[in-house]
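The chain contents come next:
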Amino acid sequence: MDQIQKTLLEEIAGLHEVPQGAYNIRVNGGLESRNTTENIDIVTKTDVSGIDIYFKPGTKKESVHIPVLLSQTGLKETVYNDFHVGDDCDITIIAGCGIHNGGDRDSEHSGIHSFYIGKNCHVRYVEKHYGSGEGTGERIMNPTTNLELGENSTLEMEMVQIKGVDSTIRTTNGVVGKNGSLTIKESIMTHGHQTAESHFRVEMNGEKSHVNLVSRSVARDESKQLFCSEIVGNAECTGHSECDGIIMDHSSVSAEPQLTANCIDAELIHEAAIGKIAGEQLTKLMTLGLTEQEAEEQIINGFLK
Amino acid sequence: MLELKNISYLVDEQSTTKEIIRDVSFKVDERFVAITGPNGGGKSTIAKIVAGIVKPTSGRIIFDGTDITDMNITERARLGISYAFQQPVRFKGITVKDLIKLAAGNEKGNVDICGVLSEVGLCAKDYINREVNASLSGGELKRIEIAMILARGTKFSIFDEPEAGIDLWSFQSLIKVFEKMYERTNGSILIISHQERILDIADRIVVIANGEVSAEGKKEDILPELLAGTAACPALTEKMK
Ligand SMILES: Nc1ncnc2c1ncn2[C@@H]1O[C@H](COP(=O)(O)OP(=O)(O)O)[C@@H](O)[C@H]1O
Ligand SMILES: [Mg+2]
């Protein structure tokens, strides 16, 4: 890996060197390195580009890192990563994509992640998207996530995109089974003329299933964001979605939340708020000795944390 | 320490001009000075004028011999003015620890967070990582607001109705906070309050009603008047019955 790739890896996964446990590092469309463990197997797909990751039933306290790095301008790829999680697993998946584009052609990564999660699992998924480079070519990421969450299983997803992605359309489709619990926390910040769209659709099909979807976003400069969520309750379930946006400069943010209850015992709530940074928050921090700009930075950092 | 000279604050309301503060002058040189008076009298507006949050229409503000009238909020804060709001501000994602560190003015965490929180009756273990958001009660927010001022430890501090929501804690503890604060800073503390027990520790009392100073003097002279209902503060006497 060269210095640019190492920097991308640090930005998206906080890694200075090869991680512990299982990993699969993809660089410029090819496999850079891979490690499997007794419980986690990684197999290259033969029909399309991508990998299948198998977690043996009962795998506990193990993690897999699957970073994707692009530093070659003009590279466009669609990658399929499937996660097959056996019953009774307790695992962490650290994904992420970093694009450095120093050229004038667009670079694009479309990652299609499918999760097949068995019963009684606890899965944590962390994903960070990051872009850099002075080139005029755009850095584009269009991730699609498909989720099937089995009985009594919990999935917590943290998805962050703070810097450097020019255009993104993020699509997430989930189905939650009996007693299953899905938590999604998304943080997005856009600058310049960037655009970001998030589309979530979660169906709660199992009794006592639960979903909590929280999106925090900051739009700066002339950037544009769209948040769409649809939560469908087909059984006795509880669902909560929240979209909280800060707009700055000449940006624009739209929220289109939708709730559908198809069962008398479905309880669904949505909260949405979009607005500029509250003046009194700035004032308070300034009375502590911060400048207006420092105050703004603290408020945004906290908000997206 | 602080002097307000002929401060007025006018706001335009539809076709008329409303006088929120009218020609207010007073000095704060003692350890503790209390401002009291009826609700809507203009007490918080005066505090905001001192902190730089509200710009007066006319008049001057002198702090430690320097005219600070044209300084902004940040400059005044850095000169040594602190203000605990009547209504504390909530933040999404910012924790109690973050705020206290920002107040202390160092990122490295040299501030005794546990110490300032315990002074206001909060156990650091339970609060340090809590977000300063709507999940905290009004009383908890008030105490965190006070803890921030303690962490700053500046020579001049304003507390705007600090007694609100401290029911579970005691007035005695609140008074101790002010006394300790004075010992540490050797400065002046301006307390806006309706509470007799807090007014009782003041060296001087200024009564603000209808945007004006309606009475001012030594605690020994003003407090009995207030309690007797002769000073223009019916709301206060009502509260103390
Ligand atoms: N910018 C403003 N515009 C209109 N009215 C104001 C403004 N600022 C303060 N006021 C009014 O001035 C009065 C004094 O307010 P305040 O200083 O908060 O009183 P106190 O703290 O003594 O209760 C109130 O009636 C308030 O509504
Ligand atoms: Mg007030």
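Data block above holds the structure.
Worth saying up front: this structure is predicted, and the values here are computed from it rather than measured. (Residues numbered from 1 in each chain as written. Chains lettered and ligands numbered in written order. Predicted model: local features only at pLDDT ≥ 70, side-chain atom pairs only at ≥ 80, totals over all residues. Heavy atoms only, no water.)

### Examining the nonpolar core
Put simply, the rule reads: For this analysis, a nonpolar core means a set of buried residues of the types Ala, Val, Leu, Ile, Met, Phe, Trp, Tyr and Cys, connected via side-chain atoms within 4.5 Å. The cut-offs for exposure are 20% and 50% of the maximum accessible area for each residue type, with area from a 1.4 Å probe on protein chains only; residues under the lower value are buried, those over the upper are exposed, and the others partly exposed. Strands here are runs of E lasting at least two residues and helices are runs of H or I lasting at least four, both read from the DSSP assignment and numbered beginning at the N terminus. Two residues qualify as a contact provided that any one of their heavy atoms is within 4.5 Å of a heavy atom in the partner residue.
Ranked by size, the top nonpolar core spans 85 residues in total, and within it L285 of chain A together with I100, F156, F159 and F178 of chain B carry the most contacts. Take this core: its biggest share by element is 8 residues, from helix 6 (residues 138–152) of chain B. Setting aside its immediate chain neighbours within four residues, F159 of chain B contacts A84, I146, I149, F178, M181, I189, L190, I191 and I192 of chain B. With 38 residues, the next largest nonpolar core counts I42, V123, L147 and F227 of chain A among its residues.

### Description of unusual backbone geometry
Backbone geometry places N179 of chain A, a non-glycine residue, at a positive phi of 60°. Mapped onto the fold, N179 of chain A is located in the loop between strand 13 (167–176) and strand 14 (181–190). Judged by its relative accessible area of 37%, N179 of chain A falls in the partly exposed class. In this structure, Q14 of chain B takes a positive phi of about 45° despite not being glycine. If you trace the backbone, Q14 of chain B turns up in the loop between strand 1 (2–13) and strand 2 (16–28).

### Considerations on the site of ligand 1
All names here are of chain B. Note the threshold: Throughout this document, a residue counts as near a molecule or strand when at least one of its heavy atoms sits within 4 Å of that molecule or strand. Definition of a polar contact: a pair of N or O atoms within 3.5 Å, with one able to donate and the other able to accept a hydrogen when the atoms are protein atoms, and with sequence-neighbouring residues admitted only if both atoms are side-chain atoms. Methods summary: accessible areas were calculated by the Shrake-Rupley approach with a probe of 1.4 Å, and residue burial reflects only the protein chains presented. Think of it as three bins: nonpolar holds Ala, Val, Leu, Ile, Met, Phe, Trp, Tyr, Cys and Pro, charged holds Asp, Glu, Lys and Arg, and polar takes everything else, Gly as well.
For ligand 1, the set of nearby residues contains 13 residues, the closest of which are G40, G42, K43, S44 and T45. At 3.2 Å from an oxygen atom of ligand 1 is found a main-chain nitrogen or oxygen belonging to G41. Contact between ligand 1 and K43: an oxygen atom at 2.8 Å from a side-chain N or O atom of the residue. Burial of ligand 1 by the protein chains amounts to 63% of its free accessible area of 570 Å². Those elements that provide at least two residues to the shell around ligand 1 are strand 1, strand 2 and helix 1 (43–51). Split by residue class, the shell around ligand 1 holds 4 nonpolar, 6 polar and 3 charged.

### Description of the interface of chain A and chain B
Inclusion rule: Salt bridge, as used here: a side-chain nitrogen of Lys or Arg that lies within 4 Å of a carboxyl oxygen of Asp or Glu.
Opposite the 20 residues of chain A that make contact, chain B presents 24 residues. For the pair chain A and chain B, the interface holds 4 salt bridges. For the salt bridge of E145 of chain B with K284 of chain A, the shortest nitrogen-to-oxygen distance reads 2.5 Å. Joining chain A to chain B, the criterion identifies 10 residue pairs in polar contact (both at pLDDT 80 or more). Contributing elements (two or more residues each) for the side of chain A that touches chain B: helix 2 (279–287) and helix 3 (292–304) of chain A. Counting residues per element, the side of chain A that touches chain B draws most heavily on helix 2 of chain A, which supplies 7 residues.

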